[in-house]
Structure formats: C-alpha cells, structure tokens
Amino acid sequence: MKGAHQMEVVFPSDYWYDFHTGSPIVEGIARTVTVDSPLGEGRVPLFIRGGNIVPMFQYANTTTTDTQKNPFWFMVANGPPLANGSRHCMGDLYIDDGETPLDTQGHQYTLIKMHYKDDQKQGRMWLETMVSEYAKYRSMRVAGVDILGMPDNDDIQSVQLGDTNLPASSYKFSNGNKHLQVTFSPSTTLESLNLSWQA
C-alpha cells in the first residue's frame, strides 16, 4: 500500500530473527506478523531463518578487491533445539578473487564450513577449511560475531577466543533479546576464529 510504514509477513514454522536488530520474530509456530517497514530510512524488512550462519563483510566497497580488505562479521541464527536440548547451526563460506571466471584454468578458491553448537550452559563457533587454494583468505580479518536466539541465562560468565579469555568489554549479552554480540581485536583472522562461551 502506498505510503504504508508497516506490512504483514507470513512466516513458516521455524525460528526467524530480524536481521537489523537480532530480535526473535517467530519461535517455532507459523504465524503472520506485522512488521515495521520504515520508508526513507535506507533499510527494508529482512529476516534470517534459524539454523543458519550468515557471513558478511562489515563494510562494502565498490570492488571485490577493496571489499575483501574489510573484516568479516558473522551472524549465527539459532534454530529449534534437538531432543537432547542442543542446537547446531551451519553455513558455507566461499572466497575467491571475485574477478577470475570460474571456468578459467587455475581458478583458485577457498571453501570454509561454518559450525555453531550450544546447549543451555555453553556454546562454540568454529570454522572448518575444506579447500584452501585461495591463499589470501589466511590474512582476512574478523571483526565480530552476533549469536541470535541464545539459551535463557541470567548472564554470560566468560567468552574465549581459542584459549584466550576475552575482556568483558568485548561482549554484550541481552537475556531479554537472547542476543550475544562479541567484537574482536583488529588482528583476529579467519584462521583463528574458534569462539566459545560459558554461562
């Protein structure tokens, strides 16, 4: 409808989150939800289905070469728990130079499997490199991770990157929003991304 600032969205049965805020929209049962659709604010309603990990560059430039100089940001969208109460999210990250045609002899790429698992008291995100032909991925940086649909906990006691405890200033947890946001130092690379938390 012309001039409308809201719209109705039909969500299938699953877990769904608002991409812009990280807020849970639907947790399990299919339903129709009225969402804000603000005109003139430079954004459209966008939602992430639970069970997926979305990789993105923190900033976008006009060329792939320039964009790849920016750090990655990962968004983990938790899905429904399994019978044992745990949850597992997955995704694929494909990286190449963004210029060489795929059918060119000698075309190099890197393929990374992204994993996240949690239960009520702890969780972990890690990357598994399947193909590593495109060597530049080793120096690509990671700025942070958003984990949506966190288990119900009063607080998060600790967050680690590998074996290193991160300072409390590097992460924010919202129990009401079920959202954990972790930011890393500028030197954090894709190869070093092995994140865990404990409640």
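Below is a summary of the structure that appears in this document. (Residues numbered from 1 in each chain as written. Predicted model: local features only at pLDDT ≥ 70, side-chain atom pairs only at ≥ 80, totals over all residues. Heavy atoms only, no water.)

The subject of this paragraph is the overall build of the chain. Across its full length, the chain holds 1 helix and 16 strands. Taken over the C-alpha trace, the chain has a radius of gyration of 18 Å; the compact-globule value for 199 residues is 16 Å, and the two agree within 12%. The buried share among the 199 residues of the chain stands at 42%. Looking at the chain alone, contacts between residues at least 24 apart form 62% of all its contacts between residues at least 6 apart. Surface summary for the chain: the accessible area is close to 11,000 Å², and the carbon and sulfur share equals 50%. Averaging the coordinates of the 15 positive side-chain charges in the chain and doing the same for the 22 negative ones gives two points 2 Å apart. (Helix = DSSP H or I, 4+ residues; strand = E, 2+ residues; numbered from the N terminus. Rg over C-alpha atoms; globule rule 2.2 N^0.38 Å. Buried < 20%, exposed > 50% of the residue type's maximum accessible area, 1.4 Å probe, protein only. Contact = heavy atoms within 4.5 Å. Areas by Shrake-Rupley, 256 points an atom, 1.4 Å probe, with all protein chains shown as cover. Lys, Arg positive; Asp, Glu negative; His and termini not counted. Charge placed at Lys NZ, Arg CZ, Asp CG, Glu CD.)

This part takes up the sheet that holds strand β3 (residues 24-27). Judged by pairing direction, the sheet is antiparallel, and its 3 strands sit side by side in the order β3-β2-β5 without closing on themselves. One side of each edge strand has no neighbouring strand; the edge strands of this open sheet are β3 and β5 (47-49). Pairs of neighbouring strands in the sheet enclose a mean axial angle of 20 degrees, with direction left out of account. Bridge count for strand β2 (residues 15-18) against β5 is 3 bridges, and the pairing is antiparallel. Within β5, the residue paired with Asp 18 across the bridge is Phe 47. (Pairing = 2+ DSSP bridges. Axes fitted to C-alpha atoms, helices over the stretch in contact; angles between N-to-C directions.)

As paired elements, β2 and β3 share 3 bridges and run antiparallel to each other. By the bridge assignment for β3, Tyr 15 is matched with Glu 27. What sits between the antiparallel neighbours β2 and β3 is a turn of 5 residues, in which Gly 22 has the positive phi angle 80 degrees.

The next point concerns the pattern of salt bridges. Pairing between side chains becomes possible if they bear opposite charge and their charged atoms approach one another. Across all of its chains, the model carries 7 salt bridges by this definition. Among the ionic contacts, a cluster of salt bridges with common partners joins Glu 27, Asp 152 and Lys 178. (Salt bridge = Lys/Arg side-chain N within 4 Å of Asp/Glu carboxyl O.)

Examined against the element boundaries, Tyr 94 turns out to sit in strand β8 (residues 87-95). Along the chain, Tyr 94 and Gln 198 lie 104 residues apart, while their C-alpha atoms are 30 Å from each other. Once you skip the residues sitting within four places of it in the chain, Tyr 94 turns out to touch Leu 102, His 107, Tyr 109, Thr 110 and Leu 111. Polar contacts involving the side chain of Tyr 94 include one to the side chain of Asp 96, which spans 3.3 Å. (Polar contact = N/O pair within 3.5 Å; in protein donor to acceptor, adjacent residues only side chain to side chain.)

We now examine the nonpolar core. In terms of nonpolar packing, the biggest core is built from 32 residues, with Phe 74, Met 125, Leu 190 and Leu 195 touching the most fellow members. Core analysis: the second largest hydrophobic core is formed by 8 residues, Phe 11, Val 33, Val 35 and Phe 47 among them. (Core = buried A, V, L, I, M, F, W, Y, C linked by side-chain atoms within 4.5 Å.)

Enumeration according to the criterion identifies 5 aromatic pairs in this entry. Between the aromatic rings of Phe 72 and Phe 74, the centroid separation amounts to 5.9 Å while the plane-to-plane angle is 25 degrees, which identifies the pairing as stacked. Judged by its relative accessible area of 3%, Phe 72 is buried. Relative accessible area serves as the criterion here: at 0%, Phe 74 is assigned to the buried category. A ring pair is formed by Tyr 94 and Tyr 109, whose centres lie 5.3 Å apart and whose planes are at 20 degrees; its orientation type is stacked. In this pair, Tyr 94 sits in strand β8 while Tyr 109 sits in the loop between β8 and β9 (110-118), placing the two residues 15 residues apart along the sequence. Stacked on the ring of Trp 126, the Lys or Arg Arg 124 has its end atom at 4.4 Å from the ring centre. (Phe/Tyr/Trp six-rings, centres within 6.5 Å; stacked < 30°, edge-to-face > 60°. Lys NZ or Arg CZ within 6 Å of the ring centre and 35° of its normal.)

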